[in-house]
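Here's the letter readout for the chains.
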Amino acid sequence: MNLQRRNVLKGGAALAAAPLFSSVTASNLLGAELNTANVRNGEVLTAAHWGMLKVSVKDGKIVKSEPFQKTSEVYNPLQHYTADMVYKSRIKYPMVRKSYLENPDSPKPELRGKDGWVRVRYEDAIKLVARELKKTRKQKGLEGVFAGSYGWKSSGNVHNSRILLHRFMNLSGGFVGSLGDYSTGASQIIMPHVVGSIEVYEQQTSWPVVLENSKVVVIWGANPMATLRIAWTSTDEQGFKYFEELKKRSDIKVIIIDPIRSETAQYFDKAEWIAPVPNTDTAMMLGMMHYLYESGKYDKNFIETYTSGFDKFLPYLLGKTDGTPKNLEWASKICGLKASLIKELADTFAANRTMIMSGWGMQRAHHGEQPHWAMVTLAAMLGQIGLPGGGFGLSYHYSNGGAPTCKGAVIGGVNSASVGKFNDEGEFIGTDSGEFDANGRFVAKAAAVAGTGQSWLQKATNYAFPVARIADALLNPGKVIDHNGKKITYPDIDFIYWVGGNPLAHHQETNRLLEAWRKPRTVVVNEAYWTPTAKMADIVFPTTTAYERNDVTMTGDYSNMNIVPMKQVVEKYGEARDDYQIFTDLCKAYAKNLVVAYTDNGKDEFDWIKEYYGAAYEQVKAIPDFETDMKPFEEFWNENKPVTFASTPESDTWVRFGEFREDPVLNPLGTPSGLIEIYSETIEKMGYDDCGAHPMWYEPIEWLGMKDKPAELHMLSPHPTDRLHSQLNQTSLRENYAIANREPIWIHPKDAAKKGIKTGDLVRVFNARGEVLAGAYVTQDIKEGVVKLAEGVWYDGFDAGLCKNGSPNVLTIDIPTSKLANGNISHTALVNIEKFTGKVPELTAFSDPKFV
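Residues numbered from 1 in each chain as written. Predicted model: local features only at pLDDT ≥ 70, side-chain atom pairs only at ≥ 80, totals over all residues. Heavy atoms only, no water.

Here we look at the overall build of the chain
A tally of regular secondary structure across the chain gives 30 helices and 35 strands. Here the C-alpha radius of gyration of the chain, 27 Å, is about what a compact globule of 852 residues would show, namely 29 Å. Principal axes of the C-alpha set define a box for the chain whose edges measure 80 × 70 × 55 Å. As displayed, the chain has an accessible area near 30,000 Å², and 49% of this comes from carbon and sulfur atoms. Between the averaged position of the 94 positive side-chain charges in the chain and that of its 100 negative side-chain charges there is a distance of 4 Å. (Helix = DSSP H or I, 4+ residues; strand = E, 2+ residues; numbered from the N terminus. Rg over C-alpha atoms; globule rule 2.2 N^0.38 Å. Areas by Shrake-Rupley, 256 points an atom, 1.4 Å probe, with all protein chains shown as cover. Lys, Arg positive; Asp, Glu negative; His and termini not counted. Charge placed at Lys NZ, Arg CZ, Asp CG, Glu CD.)

Set out below in structure tokens:
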């Protein structure tokens, strides 16, 4: 596409009449003003979730990757396997499942994951998807089309696969989406009721304040030395630096509360490790609260000034409503810790400036709304919320929460657009927020007008459902569920389009999901690798990785520290195309003029990159007396260096809830009362039997304290240390941790001895929901009665039902946390374990499927 061609494409009418398949790529755009050629031999700066990377290229191939810069001494292994991310387990060509290709109207969906695959021309695959999407909308309406695409898509603000999909789906007629996420499904619903904000993805009290003021730091159910290896955009790695400083501080006591002696507990080798029974954190906190109240060691003034409903919660705490005081002895019996230890913890918290840094694992459990609600209530009784270095934080373990926010600019990104409107001939004619001008250009209107978009939005909103209920929704169209005070009716989904994620790895009770995934008529997946989700599709488009295209991103979800050029490192693999290219071509195949709106009048990747960087550059220029090394785009791109911003005295000293504590009248919270709601009248009116109006202990559906256990051991499936969920599972990094060529399962020596299991043994882990093979790791670093099998494993059980690679979600339970949040309960599961006997099956998780 030469410069003349680009100018032609800027004309909307010309673009609408352009050939169906164009080549929107970076290597031949913008002429001499930018250096866009790929480096054949040398080093390239790019970025991934695991940080800024310096990638070495020789003869056009990646030979090495390493961190662009080091901010701490903590080693991040994820940064060294970029070559494997480009060359291993890749999908080379557009593929269609054999039975689907033979008859899309009767495609034998029961054969997904088992059928052979047929290579097709890209042009034919595009036309097939456009035709079948139209057919579904005609037969089922917009509620028949699902484009949830939940997952950790690649870094980069332009090539955001999920938004690009939603943009296409909106403009082409609408779709049903999902609500919430798997990471914080319970907390992000309960926290707005309690403190008026989502909390889990919000900035924390700054680390300099914690290090200066905290005397006790409690890391409760979190493993930051593992999870801070990544960030949603790209990690700035500041968290490692601050945890390093914390370790050096002999005057700050560190307490780790976790059934697993995690990498973080091992890093803080002198920290106190406390291992409660899994899923009993709420009971443990209630015991502390009862003791603090009865001993008079709670902060009565804070409760009276800054909270609402403590008086209504108190009868439950004291046992007046159910005859069971939630005292130390009661808590001890449930959580498996001595009453004296729980008392000692409460005394320590009350006597010292204490920051409770919580993870999210405790809320990924049955009744997961309760632990963080109880934690806020405990922190309120301690009276330190809003004080420097005191209170609680729900994001210190995620994306470097607490790293002070920098003063500078923020890069924007592609939006999901409004819903499209079409005339009787099926031609795209605009949206509620945009229309064509006399020159055929698509322009945004000053104000939206009433029309199809608003009615679609209302209809789509009515059908959107919690993301962790995807299997339930597919299996039960028309079913009505409760969700956060509303009723939701499951749509009748017949067309799924998935990008940027791997639900066959992250969703609970895999065998139930497989059954559900074989219900819709059509499943389309854009994917770079032969993941289990790709293998369960009907049509697969091979996509580029972030290293085969150009983009731009920030580092530091909270700090916004750097703007990073993500330069294309190597040529596109096989017939892989960018998601932007795929959806551009789908627009052309779907309806006349649609591509004009989708591409905003013919923009290519560099047009978008320049636009977002340029807007950020103007932000910086508009700041009076602001010194920065930010340069115009051409210089920034050609220099191949990040732009770095600095924090301010205000952000260095920022305290979460500080303004609220200073004046709760002038700075109220976003709750109905404006205060911390220990008792929620809003939730009380919902009348749910599994989530009351104040924090409570509910017995989980499966746990070690139940009377008739369906299995022996409690399985926890936390975030993996050497992956980002399922990303990197196929790389040679796996060789560093796999045991018996399977996912390792941690087991206590006493539990292992009962089974005759030793480190290195291949073991069968099973319950009524399924079975997997794993490699035994016998260790004292886990509580007796508990096993650890990390999530994010590529499922490998299509041929036999037994997952040969050790995916824990084969064994987890697919029911919601409660009617309030409908989050997942991945940490609530009991399993059995035994030494595997018989012929060892071949691992095929990372192999190509069967081609026809």
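A few points about the pairing of strand β34 (residues 786-789)
With burial as the criterion, each face of β34 is covered, one bearing V786 and K788 and the other bearing V787 and L789. Note that strand β30 (residues 713-716) and β34 share 3 bridges and pair parallel. Counterpart to H714 in the pairing with β34 is V786. Here strand β31 (residues 744-747) runs beside β34; their pairing, made up of 3 bridges, is antiparallel. Bridge assignment links I747 to a residue of β34, and that residue is V787. (Buried < 20%, exposed > 50% of the residue type's maximum accessible area, 1.4 Å probe, protein only. Pairing = 2+ DSSP bridges.)

Looking at empty space enclosed by the protein
Tallying each qualifying case throughout the model produces 6 cavities of 30 Å³ or more. Volume-wise, the largest cavity comes out at about 100 Å³. In terms of lining residues, the largest cavity is bounded by 15 residues, among which N279, T282, H366, H367 and P371 are the most central. Those elements that provide at least two residues to the lining of the largest cavity are α12 (281-295) and α17 (369-382). Class assignment for the residues of the lining of the largest cavity results in 7 nonpolar, 7 polar and 1 charged. (1 Å grid on protein atoms, 1.4 Å probe; cavity = no way out; pocket = protein on both sides within 12 Å on 5 of 7 lines; lining within 4 Å. Points joined across faces, edges and corners; volume = space filled by probe spheres on them. Nonpolar A, V, L, I, M, F, W, Y, C, P; charged D, E, K, R; others polar.)

Notes on the pattern of salt bridges
On inspection of all chains with the given rule, the structure shows 49 salt bridges. Taking the shortest distance from any N to any O, the salt bridge between K603 and E611 comes out at 2.3 Å. With a relative accessible area of 13%, K603 lands in the buried category. A salt bridge links K610 to E634, with the shortest nitrogen-to-oxygen separation between them at 3.3 Å. Here K610 is found in helix α25 (residues 605-621), whereas its partner E634 is found in helix α26 (residues 633-639), with 24 residues between them in sequence. Salt bridges here are not isolated pairs; linked through shared partners, they connect D105, R131, E132, K135, D494 and R521. (Salt bridge = Lys/Arg side-chain N within 4 Å of Asp/Glu carboxyl O.)

Quick look at the sheet that holds strand β26 (residues 562-566)
Across the sheet, which stays open at both edges, the 3 strands sit in the order β25-β26-β27 with antiparallel pairing between neighbours. The sheet is open, and its two edges are formed by β25 (551-555) and β27 (643-644), each paired on a single side.

Looking at α25
Helix length check: α25, at 17 residues, gives a terminal C-alpha distance of 24 Å against a target of 24 Å (1.5 Å per residue), a fit within 8%. Of all the positions in α25, only E605, F606, D607, W608, I609, Y612, Y613, A616, Y617 and V620 are classed as buried. The N-capping residue of α25, defined by a side-chain oxygen 2.9 Å from the backbone nitrogen of F606, is D604. (Expected span 1.5 Å × (residues − 1). Polar contact = N/O pair within 3.5 Å; in protein donor to acceptor, adjacent residues only side chain to side chain.)

Observations regarding unusual backbone geometry
Note: most residues except glycine have negative phi, and most peptide bonds are trans. With a phi close to 50°, N560 is a non-glycine residue in the positive phi region. Take N560: it is sitting in the loop between β25 and β26. For N593, which is not a glycine, the phi torsion comes out positive at approximately 80°. When you line up the elements, N593 lands in the loop between α23 (579-590) and α24 (594-598).

Structural notes on the confidence of the model for the chain
For the chain, the average pLDDT comes to 93, and 94% of its residues sit at 70 or higher. Predicted confidence is poor over residues 1-32, with pLDDT under 50, and the contacts of this stretch with residues over four places away or in other chains come to 65 contacts. For residues 447-458, every residue scores under 50 in pLDDT, and the model assigns this stretch 18 contacts once sequence neighbours within four places are set aside. (pLDDT = per-residue confidence, 0-100. Contact = heavy atoms within 4.5 Å.)

Regarding the domain arrangement of the chain
Partitioning the chain into structural domains gives domain 1 (95-180 + 409-449 + 472-646), domain 2 (186-404 + 654-686) and domain 3 (713-835). The C-alpha centroid of domain 3 is placed 32 Å from the C-alpha centroid of domain 1. At the interface, 26 residues of domain 1 touch 24 residues of domain 3. Across the interface of domain 1 and domain 3, roughly 2,100 Å² is buried in total on both sides, 52% from carbon and sulfur atoms. (Domains from an automatic or database assignment. Buried area = accessible area lost by both parts, 1.4 Å probe.)

Description of the nonpolar core
Membership of the largest hydrophobic core comes to 104 residues, with the highest contact counts inside it found for W50 and W220. With 9 residues, α17 is the single largest residue contributor to this core. Leaving out residues up to four positions away in the same chain, W50 has contacts with N76, L78, Q79, M85, R229, I230, T235, Y547, L724, Q727 and L728. Counting residues in hydrophobic clusters, the runner-up holds 62 residues, among them V120, F428, F442 and I563. (Core = buried A, V, L, I, M, F, W, Y, C linked by side-chain atoms within 4.5 Å.)

Structural notes on the side chain of S559
Take S559: it is sitting in the loop between β25 and β26. At 2.4 Å, the side chain of S559 and the side chain of D236 are in polar contact. Apart from residues no more than four positions distant in its own chain, S559 is found in contact with D236, A403, P404, T405 and C406.

Focus on the packing of helix α6 (residues 161-171) against α23
Orientation of α6 relative to α23, taken along the N-to-C sense of each, is 5°, at an axis distance of 10 Å. Comparing the axis directions of α6 and α23 gives the class roughly parallel. Touching S161, L164, L165 and F168 of α6 are D579, Y580, F583, L586 and C587, all from α23. A class-by-class count of the residues in the contact of α6 with α23 yields 7 nonpolar, 1 polar and 1 charged. (Axes fitted to C-alpha atoms, helices over the stretch in contact; angles between N-to-C directions. Parallel < 35°, antiparallel > 145°, perpendicular 65-115°, else oblique.)

Let's talk about the pairing of strand β2 (residues 51-58)
Most of β2 sits out of view: 6 of its 8 residues are buried. The sheet contact formed by strand β1 (residues 42-48) and β2 spans 7 bridges and is antiparallel. Within the sheet, the bridge partner assigned to L45 lies in β2 and is K54. The loop that links β1 with its antiparallel partner β2 comprises 2 residues. For β2 and strand β3 (residues 61-67), the ladder comprises 6 bridges, and the chain directions are antiparallel. Considered in β3, the bridge of K58 is made with K61. The turn linking β2 back onto β3 is made up of 2 residues, and D59 within it adopts a positive phi angle of 55°.

Things to note about the packing of α12 against helix α15 (residues 328-335)
Direction vectors running N to C along α12 and α15 enclose 165°, while the axes themselves pass 8 Å from each other. Between α12 and α15, the angle is such that the two are roughly antiparallel. In terms of crossing hand, the pair formed by α12 and α15 is left-handed. Contacts between α12 and α15 involve A283, M284, L286, G287 and Y291 on the former and, on the latter, L328, W330, A331, I334 and C335. (Left-handed = near helix turned anticlockwise from the far one by under 90°.)

Quick notes on helix α7 (residues 187-195)
The element α7 is largely enclosed, with a buried count of 8 among its 9 residues. Buried positions along α7 lie against α17, β13 (391-393), β20 (480-483), β29 (676-677) and α29 (681-686). G196 lies just past α7 and shows a positive phi near 80°.

Details of the packing of aromatic side chains
Tallying each qualifying case throughout the model produces 46 aromatic pairs. Taking 6.1 Å as the distance between ring centres and 40° as the angle between the ring planes, the aromatic pair formed by F146 and W498 counts as tilted. With F146 in strand β6 (residues 145-146) and W498 in strand β22 (residues 495-499), this residue pair connects regions lying 352 residues apart in the sequence. In this arrangement the basic side chain of K134 is found over the ring face of Y590, its NZ or CZ atom lying 5.2 Å from the centre. (Phe/Tyr/Trp six-rings, centres within 6.5 Å; stacked < 30°, edge-to-face > 60°. Lys NZ or Arg CZ within 6 Å of the ring centre and 35° of its normal.)

Focus on the environment of V200
Among the secondary structure elements, V200 is positioned in the loop between α7 and α8 (207-213). With relative accessibility at 0%, the residue V200 sits in the buried group. Separated by 509 residues in the primary sequence, V200 and K709 have C-alpha atoms spaced 33 Å apart. If near-sequence neighbours (up to four positions away) are discounted, V200 is found in contact with T184, S187, Q188, W360, L394, S395 and Y558.

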